[in-house]
Amino acid sequence: MAIDGVLLNNCKHDLENKIIGSRVNKIYQMENKLLTINIRQPGQSFKILISIDPEGSRVHLTSLKFEHPSHPPDFCMILRKYLVNGNIIEINQPEFERVLHLKIKKGGKIYTLILEIMGRYSNIILIDENEMVLDAMKRVGEKKNKERQLYPGIEYQAPPPQDKLNPLKVNKQDFFEKIPDDFRKYCYKAIMYNFRGIGPNIAKEIVYRADVDYEKHYHKLTEQDLISIWESFAKIFNKVNNGNFNPTVGIKENTLIDYTSAFELKYLNQLKTKNFNTTDELFDYFYENHIQKREFIKLQKRLNDIVNNFLEKNRKKQKELRGKIKESKNAKKYKKIGELIKSNIYQINKGQEKVVLTNYFDPDQKEIEIDLNPKITPAENAQKYFKKYQKAKKSYNHLKRELGKFRHEERYLEQVQLNIEQTDNENDLIEIENELREEGYIQKQKQGNKDNKALPPRKFKSSQGYDILVGRNNKQNDYLTKKKANDHDIWVHTKKIPGSHVIIRNHANDEIPEKTIKEAAQLAAYLSKGKMSANVPVDFTTVKNVNKPKGAKPGLVYYDDYQTFYADPDKKLVKKLSKNAKNKN
């Protein structure tokens, strides 16, 4: 979701109002696309966020908190060397391009931090007074770009200029002279293609506010259409010149953000909108409600695709194994056929493809048709069936063991699939990703995995005051059942249905009331694949009766001496028990 020059001008206006004269205090770089600069003024402090993420490039003040890496990248160290304790003296937007220049004075020298907020071409470059590059977040060599390089020691080149006019300096005559009379595309594109910093949204909005169809071809516009579009254009950029913005996001039905703009887009009036006083507020909202949600959805889909792929392979292999097991069950049949060929060998000639013999093993002595290989002798055909018998006999037990392993894996993957589906937290997904990596379903990274704060088990409290804990993923299920819980706690789980491990704590070793067990059973049913069903079978037993087979995958256990309830999943009860846990103090 790229920023256009209009919204970037709004960002510039908001920054100017707060940070001119501020002193640079601290600088942090997160990965290779995000930078924060802590600044101070007498009595107050701010944090500038600069992102060159292709799908979320932006610059604004932020109140969000970010985890800082223990070892700052080289670019961050360069910025600290030249900018910390310097004062921000100026911000400008050259010719309304999607570029901001932050001028910072330190030790009698002026450095410029250039923010190129240009979608996938975004970059952050530090230059000195002689416009020599000190460093860039994304260095660009000749192999990447023959026309424009960015690396230390080279003279800075601005992005290639476009043959467009600065809309802040355009008068009526300039406007109509710039657009060719025979421009034969949509009229909103006439604005986009001839004036800087204007993206499709603002271009369409200008035409829409002129009460003209923005998909009408420019060369077919009437004289009144042209005048109306110019007047609408002039009104918008008069607001820009005067800093009279209305930062807005448009929101889709799925709550994802459709657009960010310096003005509310009336032409998209079917969308819900949310207005902000500043771009600072807008982009913090954008980060929390779009970028994080987008990243969550992407990770969730990626993990689902991985698990579904392995499940598909698993079930295909199980089908093959069942076919082989079925075939191996016929081992005795092959032996009988070999005996029949052997005992009737005088009736069979080489070259026959089939033979019909009396089946002496059948009480009714019925005839049986036997397939033969015409290329080998009758004796060799008999030996072929005896070998097939021996092979089938040996393979049956092996195939049963293999099928058991694949069934075990299928149960595990179905549970992972459920965990992915149920979570609404990115840290949960990262834990699941790490678990899949440890189990060999995702290739291990050469470098350490991204740190994440592991969330505790879900907490609930029964209406009778008993604590109930629920695992968020398979590894946490293992931890709850085999480490956290004591022998007298009650373990609850859906019967033969993927679901979370549910533990009713029993610190006093009392007999747990039936009402609490039923509530836990309803909780287990809701947090399982049976969520949309009724009368879901749920087993419960004391934790001492739950065991984990040696070598079993995370979350898989076996249990005995259990009882079964039939529970209806109840969303309202789940919310109530969760609320009870939060209100316990």
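These numbers come from a predicted model, not from an experiment.

**Q** What should I look at first to understand the overall build of the protein in this one?
**A** Counting its secondary structure elements, the protein contains 13 helices and 22 strands. Here the C-alpha coordinates of the protein stretch approximately 110 × 75 × 55 Å along the principal axes. Within the span of the protein, comprising 585 residues, buried residues form 49% of the whole. Long-range pairs, those at least 24 residues apart, make up 59% of the contacts in the protein with a sequence separation of at least 6. When the accessible surface of the protein is totalled, it reaches about 31700 Å², and 46% of it is carbon and sulfur. Computing the positive centroid from 106 side-chain charges and the negative centroid from 78, the protein places the two 6 Å apart.

**Q** Would you mind going over the packing of helix α7 (residues 279-328) against helix α9 (residues 378-422) with me for this structure?
**A** Each pair of packed helices can be summarised by the angle the axes make with each other and by the distance between the axes. Contact geometry of α7 with α9 gives a least axis separation of 8 Å together with a crossing angle of 160 degrees. The angle between α7 and α9 falls in the class roughly antiparallel. Judged by the sense of rotation from one axis to the other, the crossing of α7 with α9 is left-handed. Split into classes, the residues belonging to the contact of α7 with α9 amount to 14 nonpolar, eight polar and 13 charged.

**Q** Which parts of the structure should I look at to understand unusual backbone geometry?
**A** Note on backbone geometry: most residues besides glycine have negative phi, and most peptide bonds are trans. Even without a glycine there, the phi angle at N85 is positive, about 75 degrees. As for its placement among the helices and strands, N85 is situated in the loop between α2 (74-83) and β5 (87-92). The backbone phi angle of D561 is positive, close to 50 degrees, even though this residue is not glycine. By the element assignment, D561 lies in the loop between β21 (558-559) and β22 (563-567).

**Q** Teacher, can you tell me more about the nonpolar core here?
**A** Taken as a class, soluble globular proteins show a tendency for nonpolar side chains to be buried jointly. Residues I48, L113 and F233 are the most contacted members of the largest nonpolar core, which totals 86 residues. Not counting residues up to four positions away in its chain, the partners in contact with L113 are I37, I50, L79, L83, L100, H101, L102, I124, I125 and L126. Among the nonpolar cores identified, the runner-up in size contains 25 residues, and Y466, L523, A525 and V574 belong to it.

**Q** When you look at the sheet that holds strand β12 (residues 272-275) in this model, what are you seeing that I'm missing?
**A** Backbone-to-backbone hydrogen bonds pair the strands of a sheet. The strands run either parallel or antiparallel. Across the sheet, which stays open at both edges, the three strands sit in the order β11-β10-β12 with antiparallel pairing between neighbours. A single partner strand is all that each edge strand has here, and the edge strands are β11 (257-261) and β12. When the angles between neighbouring strand axes are averaged without regard to direction, this sheet yields 20 degrees.

**Q** Honestly, the layout of surface pockets in this entry has me stumped. Any pointers?
**A** Which parts of space are left empty comes out when a probe the size of a water molecule is rolled across the atoms. Taken as a whole, the second largest pocket holds about 710 Å³ of empty space. As for the second largest pocket, its lining consists of 34 residues, and the residues nearest its centre are I3, D4, G5, R98 and G197. Within the residue set of the lining of the second largest pocket, elements represented by two or more residues are α1 (5-19), β6 (99-106), α5 (200-209) and β11. Its residues assigned to classes, the lining of the second largest pocket comprises 19 nonpolar, eight polar and seven charged.

**Q** Explain the sheet that holds strand β15 (residues 458-461) here, please?
**A** Read across the sheet, six strands follow the order β15-β16-β18-β17-β19-β22 without closing on themselves; strand pairing throughout is antiparallel. For this open sheet the edge positions go to β15 and β22, each flanked by a neighbour on one side alone. Neighbour-to-neighbour, the strand axes of this sheet turn through a mean angle of 25 degrees, independent of strand direction. One ladder, built from three bridges, connects strand β16 (residues 467-470) with strand β18 (residues 502-504); its direction is antiparallel. Directly across from I468, in β18, lies its bridge partner I504. In this fold helix α11 (residues 474-484) packs onto β15, β16, β17 (490-494) and β18, with an angle of close to 135 degrees to the strand it touches most, β16.

**Q** How should I be thinking about a positive patch on the surface in this particular structure?
**A** A cluster of basic residues, R322, K329, K400 and R407, forms a positive patch on the protein surface. Position of R407 relative to the elements: it lies in helix α9.

**Q** It is not clear to me how the packing of helix α12 (residues 514-526) against helix α13 (residues 571-582) should be interpreted in this structure. Could you clarify?
**A** Viewed as axis vectors pointing N to C, α12 and α13 meet at an angle of 115 degrees, and their least axial separation amounts to 10 Å. By the angle between their directions, the pair α12 and α13 is classed as roughly perpendicular. Considering the relative orientation of α12 and α13, their crossing is left-handed. On α13, the residues touching E519, Q522, L523 and Y526 of α12 are K571, L573, V574 and L577. Of the residues assigned to the contact of α12 with α13, the class counts are five nonpolar, one polar and two charged.

**Q** What exactly am I supposed to notice about the environment of M118 here?
**A** Relative to the assigned elements, M118 resides in the loop between β7 (109-116) and β8 (123-127). In this structure, the C-alpha to C-alpha distance between M118 and P54, residues 64 residues apart in sequence, is 8.0 Å. The contacts of M118, once residues within four sequence positions are left out, are S57, R98, V99 and P159.

**Q** How should α1 be read in this particular structure?
**A** Each full turn of the α-helix corresponds to 3.6 residues, which orients residues three or four apart in the same direction. Given a rise of 1.5 Å per residue, 15 residues ought to cover 21 Å, and the 20 Å separating the end C-alpha atoms of α1 matches this to within 8%. The buried count for α1 comes to 11 of 15 residues, which makes it a mostly enclosed element. Among all positions of α1, only G5, V6, L7, L8, N9, N10, C11, K12, D14, L15 and I19 are buried. Its side-chain oxygen placed 3.2 Å from the backbone nitrogen of V6, D4 serves as the N-cap of α1. Note on α1: the residue one or two positions beyond its end, G21, has a positive phi of about 90 degrees.

**Q** Help me understand empty space enclosed by the protein in this model?
**A** Under the criterion given, the structure shown has one cavity of 30 Å³ or more. F175, I179, C187, I191, Y218, L221, L226 and I229 are the residues that line the largest cavity. Counting residues per element, the ones that place at least two in the lining of the largest cavity are α4 (187-192) and α6 (223-241).

**Q** What is the right way to read the packing of aromatic side chains from this model?
**A** Geometrically, a pair of aromatic rings is defined through the distance of the ring centres and the angle of the planes. If you walk through the whole model with that rule in mind, you get 23 aromatic pairs. Relative to F176, the ring of F175 has its centre 5.2 Å away and its plane inclined at 85 degrees; by these criteria the two rings are edge-to-face. The exposure class of F175 is buried, given its relative accessible area of 1%. For F176, a relative accessible area of 24% translates into the label partly exposed.

**Q** I keep staring at the pattern of salt bridges and nothing clicks. Help me out?
**A** Two side chains that carry opposite charge are able to pair once their charged atoms sit near each other. Applying the stated criterion to the full structure yields 28 salt bridges. Between K475 and E438 there is a salt bridge, and its shortest N-O distance comes to 2.6 Å. A residue pair is termed long-range when its members are at least 10 positions apart, and K475 in helix α11 and E438 in helix α10 (residues 426-438) qualify at 37 residues. Take K475: its relative accessible area is 38%, and that puts it in the partly exposed class. With a shortest N-O distance of 2.8 Å, D467 and K461 are connected by a salt bridge.

What counts, and where the lines are drawn
- Residues numbered from 1 in each chain as written.
- Predicted model: local features only at pLDDT ≥ 70, side-chain atom pairs only at ≥ 80, totals over all residues.
- Heavy atoms only, no water.
- Helix = DSSP H or I, 4+ residues; strand = E, 2+ residues; numbered from the N terminus.
- Buried < 20%, exposed > 50% of the residue type's maximum accessible area, 1.4 Å probe, protein only.
- Contact = heavy atoms within 4.5 Å.
- Areas by Shrake-Rupley, 256 points an atom, 1.4 Å probe, with all protein chains shown as cover.
- Lys, Arg positive; Asp, Glu negative; His and termini not counted.
- Charge placed at Lys NZ, Arg CZ, Asp CG, Glu CD.
- Axes fitted to C-alpha atoms, helices over the stretch in contact; angles between N-to-C directions.
- Parallel < 35°, antiparallel > 145°, perpendicular 65-115°, else oblique.
- Left-handed = near helix turned anticlockwise from the far one by under 90°.
- Nonpolar A, V, L, I, M, F, W, Y, C, P; charged D, E, K, R; others polar.
- Core = buried A, V, L, I, M, F, W, Y, C linked by side-chain atoms within 4.5 Å.
- Pairing = 2+ DSSP bridges.
- 1 Å grid on protein atoms, 1.4 Å probe; cavity = no way out; pocket = protein on both sides within 12 Å on 5 of 7 lines; lining within 4 Å.
- Points joined across faces, edges and corners; volume = space filled by probe spheres on them.
- Patch = residues over 30% accessible without salt bridge, like charges linked within 9 Å, V, L, I, M, F, W, Y side chains within 5 Å.
- Salt bridge = Lys/Arg side-chain N within 4 Å of Asp/Glu carboxyl O.
- Expected span 1.5 Å × (residues − 1).
- Polar contact = N/O pair within 3.5 Å; in protein donor to acceptor, adjacent residues only side chain to side chain.
- Phe/Tyr/Trp six-rings, centres within 6.5 Å; stacked < 30°, edge-to-face > 60°.

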